[in-house]
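These are the residues of each chain, in order.
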Number of protein chains: 2
Amino acid sequence: FSGLTFKHLFLISFTPHCDGGNILVFPLDGSHWINMKILLEELHARGHNFTVIRPSTSWYISEKSDLYTSITIETAVDFEHFFGGCLQEQVEGASLMTAFTLTKNFFSLISFAHSLWYDALKNIFDDQNMIKRLRDSQYDLVLTDPALAPGLILAKYLKLPLVLNVRWITSGEGHFVLAPSPLSYIPVPGSGLTEKMNFIQRLKNILFYSIILFQQKFVVDPVYNDICDKYIEGGCDVISLLQGADIWLFRSDFVFEFPRPTMPNVVYIGGFQCKPARPLPAELEEFVQSAGQHGVIIMSLGTLINAFPKEITEEIASVFAKMPQKVIWKHKGDRPSTLRNNTLIVDWMPQKDLLGHPQTKVFVAHGGTNGVQEAIYYGVPVLGIPLFFDQYDNLLRLQERGAGKIIQLADVNGHSFEQGLKEVIHQESYRQNIQRLSRLHRDQPITAMEKAVFWVEYVMRHKGARHLRTEAYKMPWYSYYCLDVLFILLSVVTVLLLSIVAVFRFLCCRRQRKRKTKQS
Amino acid sequence: FSGLTFKHLFLISFTPHCDGGNILVFPLDGSHWINMKILLEELHARGHNFTVIRPSTSWYISEKSDLYTSITIETAVDFEHFFGGCLQEQVEGASLMTAFTLTKNFFSLISFAHSLWYDALKNIFDDQNMIKRLRDSQYDLVLTDPALAPGLILAKYLKLPLVLNVRWITSGEGHFVLAPSPLSYIPVPGSGLTEKMNFIQRLKNILFYSIILFQQKFVVDPVYNDICDKYIEGGCDVISLLQGADIWLFRSDFVFEFPRPTMPNVVYIGGFQCKPARPLPAELEEFVQSAGQHGVIIMSLGTLINAFPKEITEEIASVFAKMPQKVIWKHKGDRPSTLRNNTLIVDWMPQKDLLGHPQTKVFVAHGGTNGVQEAIYYGVPVLGIPLFFDQYDNLLRLQERGAGKIIQLADVNGHSFEQGLKEVIHQESYRQNIQRLSRLHRDQPITAMEKAVFWVEYVMRHKGARHLRTEAYKMPWYSYYCLDVLFILLSVVTVLLLSIVAVFRFLCCRRQRKRKTKQS
């Protein structure tokens, strides 16, 4: 098919307007903020204003910005060092860890993060001036990343429409809030499962689901209990706050994610941060071009981790030294001794522009959502070494589609890394598959960013989007599952059956008695 | 909010191409065809070609057309007279009928229609030349309305991608195929229920669901059994054919429909037939303007029915005669004797252009999907008199939102009609509510028609859309519901508990025995 193009040939009969919105943003730090900031920039260009709530010890969210006014909350923990440190430790010890330990560590990190944010939130609520300022500012909506709960609670308290910019819900994602999600084909986040599960895998999925349910009810919710009781009329819990959100901007799509049911207030914006690649800086372009026909390998571990443990780093460096490709490696630790001059070590790289460069043959990545989405957008196959959080799950989705290969951190050594790298570079199917995903991903009537902006403005125009969400979650669980109806139906059937049996027995007995009477 | 407009400010980085598609269309007759034809016209304007399969006795689908090539199948039943007759009879006797009778009649009509189409389909399969022609034509996809099954079966036989243009699935809609659909808040089509159900209503919903399930398994599926067995490898049934569709163009949206979960291959295109109103013919415009400040009432019963029973028609006419408004009434029966010259009787009216006219105050309608969607699009409140099929359900959705009022056919008389009409005209909330719905409905990033066209072409570009649908329905039902896992888990727990009890009893007994031995 070629020729006609899909360029909005139709008249849009109704052109919605929406200027100068006033948005309260409660973001998450780290790579989540990078993402959120791109959305804010786009909204800013359309005339909207932001107030961003940030911790005093923030890692990525600066106090002064042309983009937003900030509200700084005093926090004691240095997010960069705390999280970076914890995770670096986890990676250092990873070869000794099982999937279970990794998951457990992940859970305890989440719990700790929640308690930090509880303190921050309490600081806000206890500060009368702050509360007055927030109330008086007449925001049009709250935009938050609900991986942690404070934005949800603040939106509820201020009675403002709520838009979520969300990747995973650690409280069980879809299983609670997105839509009814049968555990037989919808893997729980963190389970490392796909949409196709055998008996044992479904058992595992149910166990993971139970763990997450337990964590939500008994670990996360209690953290916020007293704030909910004190400040929110009728109390609150994280899950119903999520269920009350007007719009979910979900950083995924169904090229990446397995198909699943969704409620109508969920908008999939996976890859919304991607744009056609810009030209590289001259020096970098020269380096990339010098690779000739062999092309370039790029490697990055994302924002949370500076480097792999030393011995792994050395092994990787020695593999790179053997390759005919040029390598661009984002690495912040000591310079590996085995490095050859085909490898360029950098502190930071224009990752998207490099992925969009035709010379790039493979992306060695940790599997963060941003990186994986970018690999899909630009069509570059991935050799993935997942570290923690959703990274294994993300990479698994590529591997399932034949567009990437996973090496577990514990299995990384010179041999496995070299094999993996060569496989992804030379086996044509990896490139073909990721490019097919890329075509599918890009083939949308409007871009993911347009969708995101549209729905944020939609919520402002209509002061919410109540008609897009069900309130069924407010029913008691036995009504939601119609167990009360089934119970009554079963009871009626039982009573009927018993009555029939009783009548028969009565009739039989009378006959027998009569016969006996006659006989005697 | 006003000022900036949403006019696709972003660059679409990837412009999909798709020309000259070759589409096999298996439509439904009557109002469904009117709808389908509008979609075909739009696709035609973009360079696609169609072959339309039509019955020789078709009602609306003409043999010769500039829009398509037709394939005519010999059929014995005159669709217009058969359906029109049946339904007219049903309406004539409606005051005597209960909801149950109406539903029953509806079911038997459906079954009869299926058997008619079975014959038609068999004619196709038995005609070797026809089959060869269909095979050789190398269609890109089959576009069908799945209210009846032949298009589904033919697509499966020809191994072609399948796009559905669909309103309701009489086989239970979402409950089987769209997505997991809890019966506690998703009313079964035809149940006359809303998203908010009390105990009795949930009981009713479950009963309706059971009836539909029964009908599907034991009435509809058997009709096609031998065709499925003979021509489809591995056999087939209607539900899995539906589940295998690539894209569902669903003629509804969440301004109209209650919120419900949906799989990613369902695209909501409610109101896709609507465009900004065109000017009326001069004579009609003059009549409409002559109404002055009182405005105009328009009334239509859709395509299936010519007129109400005589006595109801007379009563309605006498009410119209009393009103200060002008009336445009689509009515094909005898001219009512009580008519005054404020009422214009017409055979046909430019319904959409009239609904879009600022003089129109109220739409007296039977509640067909097209009319209700048009009322929403143009923002005209509805006085609804539902006749059959989904019409009550459609009107109920307006009434629930305060944008329309229902009078059951059995309750229609001069008094009730006059009251209803005056209420909808004079109670401002009706107009406010329907106009709010209209604003919400029109506020979409692209129009419903753009969506429909995009996804048809998407399926052609990618030769299907498999990644958007789950194949979970292929699991055995006990695996789908994880009952096998739960059974094993419960068994393990039971065995464990029993073992513990056994050990305890063993230990206790031994102690007691020892004590007894000592005592003795």
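About the criteria used
- Residue positions are counted from 1 within each chain, in the order its sequence is given.
- Written order determines the labels here, with chains lettered from A and ligands numbered from 1.
- Totals for whole chains, interfaces and linings use every residue, but because this is a predicted model, local features are given only for residues with pLDDT of at least 70 and side-chain atom pairs only at 80 or more, for both listing and counting.
- Only hydrogens and water are set aside when side-chain values are computed; all heavy atoms of the structure are taken into account.
- Note on conventions: DSSP H or I runs of at least 4 residues are helices, E runs of at least 2 residues are strands, and numbering of each starts at the N terminus.
- Burial classes follow relative accessibility: with a 1.4 Å probe on protein chains only, a residue under 20% of its type's maximum area counts as buried, one over 50% as exposed, and anything between as partly exposed.
- By the convention used here, residues are in contact when the closest approach between their heavy atoms is within 4.5 Å.
- Here the Shrake-Rupley method, with its probe set to 1.4 Å, supplies the accessible areas, and only the displayed protein chains count as covering residues.
- The set of buried Ala, Val, Leu, Ile, Met, Phe, Trp, Tyr and Cys residues whose side-chain atoms join them within 4.5 Å is what this entry labels a nonpolar core.
- It is the directions from the helix axis to the C-beta atoms that the arc portrays.
- Between N or O atoms, a polar contact is any pair within 3.5 Å; within protein, one atom must be a potential hydrogen donor and the other a potential acceptor, and residues adjacent in sequence are included only when both atoms are from side chains.
- The disulfide criterion is simple: two cysteine sulfur atoms within 2.5 Å.
- Criterion for a salt bridge: a side-chain nitrogen of Lys or Arg within 4 Å of a carboxyl oxygen of Asp or Glu.
- Two strands are said to pair when DSSP picks up at least two bridges between them.
- Every angle, taken between N-to-C directions, lies between 0 and 180 degrees, and every axis is a line fitted to C-alpha atoms, over only the stretch in contact when it is a helix.
- Domain start and stop points were drawn from an automatic or database domain assignment.
- Joining two parts hides part of their accessible area as seen by a 1.4 Å probe, and the buried area is that hidden amount summed over both.
- In this classification, Asp, Glu, Lys and Arg are treated as charged, Ala, Val, Leu, Ile, Met, Phe, Trp, Tyr, Cys and Pro as nonpolar, and every other residue, Gly included, as polar.
- The pairing test for Phe, Tyr and Trp rings, Trp by its six-membered ring, is centres within 6.5 Å, and the orientation test on the planes gives stacked under 30 degrees, edge-to-face over 60, and tilted for anything in between.
- The criterion for a charge sitting over a ring is simple: Lys NZ or Arg CZ within 6 Å of the ring centre, and within 35 degrees of the ring normal.
- Roughly parallel covers angles under 35 degrees, roughly antiparallel covers those over 145, roughly perpendicular covers 65 to 115, and oblique covers all other angles.
- Should the near helix be turned anticlockwise from the far one by less than a right angle, the crossing is termed left-handed; should it be turned clockwise, right-handed.
- UniProt positions are given in the numbering used here, feature names are shortened, and annotations may be inferred rather than shown by experiment.

A.B. asks: Sorry if this is basic, but what is going on with the overall build of chain A here?
C.D. replies: A count of helical and extended segments in chain A gives 17 helices and 13 strands. Going through the 520 residues of chain A one by one, you find that 59% of them count as buried. Excluding contacts between residues fewer than 6 apart, the proportion of contacts in chain A whose partners are at least 24 apart in sequence is 65%. Per element, the accessible surface of chain A, about 22,300 Å² overall, is 56% carbon and sulfur.

A.B. asks: How should unusual backbone geometry be read in this particular structure?
C.D. replies: Trans peptide bonds make up the majority, and among non-glycine residues the majority have a negative phi. Residue and element names in this part refer to chain B. One non-glycine residue, Lys159, lies in positive phi territory at about 55 degrees. Tracing the chain through its elements places Lys159 in the loop between α5 (150–158) and β5 (162–166). With phi around 55 degrees, Lys463 is a residue other than glycine that occupies positive phi space. In this structure, Lys463 sits in the loop between α15 (448–462) and α16 (477–480).

A.B. asks: What is the right way to read the nonpolar core from this model?
C.D. replies: Grouped burial of nonpolar side chains is what soluble globular proteins tend to show. Of all hydrophobic cores here, the largest spans 113 residues; its most connected members are Leu249 of chain A together with Ile124, Tyr224 and Ile328 of chain B. Filtering out sequence-adjacent residues up to four positions away, Tyr224 of chain B remains in contact with His114, Trp117, Tyr118, Leu121, Ala149, Pro150, Ile153 and Val238 of chain B. Ranked by size, the runner-up nonpolar core spans 112 residues in total, among them Ile131, Leu158, Leu396 and Leu440 of chain A.

A.B. asks: Help me understand helix α4 (residues 128–136) of chain A in this model?
C.D. replies: Since the α-helix turns once every 3.6 residues, residues separated by three or four places project in the same direction. Residues and elements named next belong to chain A. When we look at burial in α4, the residues that qualify are Met130, Ile131 and Leu134. One face of α4 carries all of its buried residues, which in axial projection span an arc of 95 degrees. Along α4, exposed side chains directed more than 90 degrees from the buried face belong to Gln128 and Asn129. For α4, the side-chain oxygen to backbone nitrogen distance between the N-cap and Asn129 is 3.1 Å, and the N-cap itself is Asp127.

A.B. asks: Looking at this structure, how should I read the state of the cysteines?
C.D. replies: Defined simply, a disulfide is a covalent bond joining two cysteines at their sulfur atoms. Evaluated as defined, the whole model comprises two disulfides over all chains. Covalently, Cys228 of chain A is tied to Cys236 of chain A through a disulfide, its sulfur atoms 1.8 Å apart. Residues Cys228 of chain A and Cys236 of chain A share a disulfide whose torsion about the S-S bond is about -70 degrees; that sign makes it left-handed. With a relative accessible area of 2%, Cys228 of chain A lands in the buried category. The exposure class assigned to Cys236 of chain A is buried, which follows from its relative accessible area of 14%. In this structure Cys509 of chain A is a free cysteine whose sulfur lies 6.7 Å from that of Cys508 of chain A, the closest cysteine sulfur available. When its relative accessible area of 33% is taken as the criterion, Cys509 of chain A is described as partly exposed. Cys482 of chain B takes part in no disulfide bond, and the closest cysteine sulfur, belonging to Cys482 of chain A, lies 20 Å away.

A.B. asks: Even after reading the chapter, I still don't get the pattern of salt bridges, so can you show me in this structure?
C.D. replies: Pairing of side chains with opposite charge becomes possible as their charged atoms draw close. Enumeration over the complete set of coordinates arrives at 36 salt bridges over all chains. A salt bridge links Arg469 of chain A to Glu471 of chain A, with the nearest nitrogen and oxygen atoms 3.2 Å apart. Looking at Arg469 of chain A, the relative accessible area reads 12%, which means it is buried. One salt bridge in this structure joins Lys132 of chain B and Asp136 of chain B, with 2.6 Å as the shortest N-O distance. Placement of both Lys132 of chain B and Asp136 of chain B in helix α4 (residues 128–136) is noted, with a separation of four residues, approximately one turn of the helix.

A.B. asks: What is the right way to look at the sheet that holds strand β3 (residues 69–73) of chain A in this model?
C.D. replies: All names here are of chain A. Taken in spatial order, the seven strands line up as β3-β2-β1-β4-β5-β6-β7 in an open sheet, and their pairing is parallel. The sheet is open, and its two edges are formed by β3 and β7 (266–268), each paired on a single side. Going across the sheet, the axis of each strand differs from the next one's by a mean of 20 degrees, ignoring polarity. Here strand β1 (residues 22–26) pairs with strand β2 (residues 49–55) via four bridges, running parallel.

A.B. asks: Is there a simple way to think about the domain arrangement of chain A in this case?
C.D. replies: In many analyses, interface size is given as the accessible surface area lost on bringing the parts together. Residues and elements named next belong to chain A. Per the domain assignment, the segments of chain A are domain 1 (22–272 + 447–470), domain 2 (282–442) and domain 3 (476–504). Between domain 1 and domain 2, the residue contacts involve 37 residues of the former and 29 residues of the latter. Taking both sides of the interface into account, the surface hidden between domain 1 and domain 2 amounts to around 2,800 Å²; carbon and sulfur atoms contribute 62%. Linking Asp390 and Arg167 is a salt bridge whose minimum nitrogen-to-oxygen distance equals 4.0 Å. Broken down by secondary-structure element, the contributors of at least two residues to the side of domain 1 that touches domain 2 are α1 (31–45), α2 (79–92) and α3 (99–126). Residue composition of the side of domain 1 that touches domain 2, by class: 19 nonpolar, 13 polar and five charged.

A.B. asks: Quick question: what am I supposed to make of the packing of aromatic side chains here?
C.D. replies: How two aromatic rings sit relative to each other is set out by the distance from centre to centre and by the angle between their planes. Overall, the coordinates contain 36 aromatic pairs over all chains when judged by the stated rule. When the centroid spacing of 4.3 Å and the interplanar angle of 15 degrees are considered together, the rings of Phe125 of chain A and Tyr231 of chain A count as stacked. Of this pair, Phe125 of chain A sits in helix α3 while Tyr231 of chain A sits in helix α6 (residues 199–231); the two residues are 106 residues apart in sequence, bridging distant segments of the chain. Taking the centre distance of 5.0 Å and the plane angle of 80 degrees together, the rings of Tyr480 of chain B and Tyr481 of chain B count as edge-to-face. Overall, Tyr481 of chain B belongs to the exposed group, its relative accessible area being 55%. Aromatic rings pair up to connect Phe125, Tyr157 and Tyr231 of chain A into one cluster. If you follow Arg442 of chain B out to its NZ or CZ, it ends over the ring of Tyr377 of chain B, 3.9 Å from the centre.

A.B. asks: Would you mind going over the environment of Glu42 of chain B with me for this structure?
C.D. replies: With respect to the helices and strands, Glu42 of chain B occurs in helix α1 (residues 31–45). Classification of Glu42 of chain B as buried rests on a relative accessible area of 15%.

A.B. asks: Help me out: how do you make sense of the packing of α1 of chain B against α15 of chain B in this one?
C.D. replies: Between two packed helices, what matters for the description is the angle formed by their axes and the separation of those axes. Residue and element names in this part refer to chain B. Contact pair α1 / α15: the axes reach a minimum separation of 10 Å and the direction vectors enclose 65 degrees. The angle between the axes of α1 and α15 places the two elements in the roughly perpendicular class. The handedness of the crossing between α1 and α15 is right-handed. Only Met449, Ala452, Val453 and Val456 of α15 make contact with α1, whose side of the interface consists of Ile38, Leu39, Glu42 and Leu43. Per-class residue counts for the contact of α1 with α15 are seven nonpolar, no polar and one charged.

A.B. asks: Sorry, what's going on with the UniProt feature "transmembrane region" (unreviewed entry) in chain A here?
C.D. replies: Mapped onto this structure's residue numbering, the UniProt feature "transmembrane region" (unreviewed entry) falls at residues 485–508 of chain A. Secondary structure within residues 485–508 of chain A divides into 100% helix and 0% strand; the distance between the first and last C-alpha atoms comes to 34 Å.

A.B. asks: So what exactly am I meant to see when it comes to the sheet that holds strand β1 (residues 22–26) of chain B here?
C.D. replies: Within a sheet, neighbouring strands are paired by backbone hydrogen bonds and run either parallel or antiparallel to one another. All names here are of chain B. The strand order across the open sheet built from seven strands is β3-β2-β1-β4-β5-β6-β7, with neighbouring strands paired in parallel fashion. Of all strands in the sheet, those bounded by a partner on one side alone are β3 (69–73) and β7 (266–268). Neighbour to neighbour, the strand axes of the sheet diverge by 20 degrees on average, direction disregarded. Here β5 pairs with strand β6 (residues 247–250) via four bridges, running parallel. Each bridged residue has a counterpart across the sheet, and for Leu164 the counterpart in β6 is Trp248. Along the sheet face, α5 touches β1, β2 (49–55), β4 (141–144) and β5 and points at about 145 degrees away from the line of β1. Contacts from α15 reach β1, β4, β5, β6 and β7, with the element oriented near 165 degrees to β6.

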